[in-house]
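Analysis of the macromolecular model
So you can see what is in the structure, the chains are spelled out below.
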Amino acid sequence: MLTVALPKGALLKDSISLLQSVGLDFSAFLDSANRQLQIQDPTGKAQALLVRTHDVPVYVEYGQAQLGIAGYDVIREKKPQVAHLIDLGYGRCRMSVAVKASSPYRSAVELPTNSRVASKFVHCAREYFDSIDLPVEIVPLYGSVELGPITGMSEAIVDLVSTGRTLRENGLIEIEILYESTARLIAHPLSYRLNTDNLSEVIEKIRSHILAAV
């Protein structure tokens, strides 16, 4: 049976709508009374796993799910061994460097050498600062990274930004955009090559739906 890994949180509703458009219904996950983390499509053709967004590529890479939907930010941070298939276009946000509005720095290269930068995207942050040849100390934080500059623990943060409201309400401003992120369809490489559980048919239906919507 085809298994799809779906992300909890902001991408879930649009992901379920997308799959409904190609004949797979996992809308039971949207029921507030639901506590199941694994459900079958009513037709019995497929099942879905509801997992943390950072875990979607893990389930796909290890073959517990043939397909998955995850943000590009997660895929770029974790660098999983998966097949990258389709940019789904929703869940648009950006990975940015931000500092306190009162800070004198207005671009990342202006940050002092060996500054502290707080982020939950440790590898992306490291990769970016290496690319501009600026030595910094990356401080891993997995809660509200905005508190880094507010408390003085870090000069800057690297984090996802959607509307920018959270930054503004906490007195922070963006000074650099690393990249744009959207939801992506990924697949287990071997399952994709072997067309396990008629995987290619589902993928092509999704691709056609996305192209029709453009």
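As named in an unreviewed UniProt entry, the protein chain is ATP phosphoribosyltransferase, taken from Gloeocapsopsis crepidinum LEGE 06123. In UniProt, the protein chain has this text filed under Subcellular location (unreviewed entry): "Cytoplasm". Check the Subunit (unreviewed entry) section of the UniProt entry for the protein chain; it says "Heteromultimer composed of HisG and HisZ subunits."

A few words on the overall build of the protein chain. What the protein chain contains, in helices and strands, is eight helices and 11 strands. Viewed in the frame of its principal axes, the protein chain has a C-alpha envelope of about 60 × 35 × 30 Å. Out of the 214 residues belonging to the protein chain, those deemed buried represent 47%. Sequence separation of at least 24 residues holds for 64% of the intrachain contacts in the protein chain that already meet a minimum separation of 6. A total of about 10700 Å² of accessible surface is found on the protein chain, and carbon and sulfur atoms cover 50% of it. Charge centroids of the protein chain, computed over 21 positive and 24 negative side chains, lie 3 Å from each other.

Let us look at the packing of aromatic side chains. The relation between two aromatic rings is expressed through the spacing of the ring centres and the mutual angle of the planes. For the coordinates displayed, the defined rule picks out two aromatic pairs. Ring geometry for Y72 and Y179: centres 5.4 Å apart, planes at 80°, overall edge-to-face. Residue Y72 is found in helix 3 (residues 72-78), and its partner Y179 is found in strand 10 (residues 172-181); the two are separated by 107 residues along the sequence. For Y72, a relative accessible area of 23% corresponds to the partly exposed category. Overall, the relative accessible area of 7% leaves Y179 in the buried class. Ring geometry for Y128 and F129: centres 5.2 Å apart, planes at 75°, overall edge-to-face. With respect to class, Y128 is no different from F129; both count as buried.

Together, V58, Y59 and Y62 line one region of the surface with nonpolar side chains, adding up to about 300 Å² of accessible area. Y62 sits in the exposed class, given a relative accessible area of 62%.

Further remarks concern the sheet that holds strand 11 (residues 183-187). The strand order across the open sheet built from six strands is 2-3-1-4-11-5, with neighbouring strands paired in mixed fashion. Looking at the sheet topology across the chains shown, the edges are occupied by strand 2 (38-40) and strand 5 (83-87). Strand-to-strand, the axes of this sheet are offset by a mean angle of 25°, without reference to chain direction. Where helix 1 (residues 12-21) meets the sheet, it contacts strand 1 (2-7), strand 3 (46-51) and strand 4 (67-71), and its direction lies at approximately 150° from that of strand 1. Running over the sheet, helix 8 (residues 199-213) touches strand 1, strand 4, strand 5 and strand 11 and is turned about 30° from strand 5.

UniProt feature "domain: ATP phosphoribosyltransferase catalytic" (unreviewed entry): in the numbering of this structure it lies at residues 52-207. Helix makes up 31% of residues 52-207 and strand 31%, whereas the separation of the span's terminal C-alpha atoms amounts to 24 Å.

Formed by 31 residues in total, the largest nonpolar core has its most connected members in L6, F26, F29, L67, L88, L185 and I206. Per-element tally for this core: the top contributor is helix 8, with five residues. Formed by 19 residues, the second largest nonpolar core is a distinct cluster that contains L111, V158, I175 and Y179.

Cut-offs applied
- Along each chain, numbering runs from 1 in the same order as the chain's sequence is written.
- Since the coordinates come from a predicted model, pLDDT governs what is reported: local features require at least 70, and pairs of side-chain atoms require 80 or more to be given and counted, while whole-chain, interface and lining totals use all residues.
- By convention in this description, side-chain values take in all heavy atoms of the structure and omit both hydrogens and water.
- UniProt positions are given in the numbering used here, feature names are shortened, and annotations may be inferred rather than shown by experiment.
- Numbering of helices and strands runs from the N terminus; a helix is a DSSP stretch of H or I covering at least four residues, while a strand is a stretch of E covering at least two.
- Residue burial is assigned from relative accessible area. The probe radius is 1.4 Å, only protein chains are included, and a residue is buried under 20% of its type maximum, exposed over 50%, and partly exposed in between.
- Residue contacts follow a heavy-atom distance rule, with two residues in contact if any of their heavy atoms lie within 4.5 Å.
- The Shrake-Rupley method, run with a 1.4 Å probe sphere, supplies the accessible areas, and residue values consider only the shown protein chains as cover.
- In this tally, Lys and Arg are treated as positive and Asp and Glu as negative; His is ignored, and so are the chain termini.
- By convention, the point assigned to a charge is CZ for Arg, NZ for Lys, CD for Glu and CG for Asp.
- Ring pairs are drawn from Phe, Tyr and Trp, using the six-membered ring of Trp, whenever the two centres fall within 6.5 Å, and their geometry is named by plane angle: stacked under 30 degrees, edge-to-face over 60, tilted for the rest.
- Patch membership needs two things, relative accessible area over 30% and no salt bridge, and members are linked within 9 Å if like-charged or within 5 Å if nonpolar (Val, Leu, Ile, Met, Phe, Trp, Tyr).
- By convention in these notes, a salt bridge is any Lys or Arg side-chain nitrogen within 4 Å of a carboxyl oxygen on Asp or Glu.
- By definition, two strands form a pair when at least two bridges between them are found by DSSP.
- Here, axes are lines fitted to C-alpha atoms. For helices the fit covers the stretch in contact, and angles between N-to-C directions go from 0 to 180 degrees.
- Take the buried residues of types Ala, Val, Leu, Ile, Met, Phe, Trp, Tyr and Cys, join any two whose side-chain atoms come within 4.5 Å, and each joined set is a nonpolar core.

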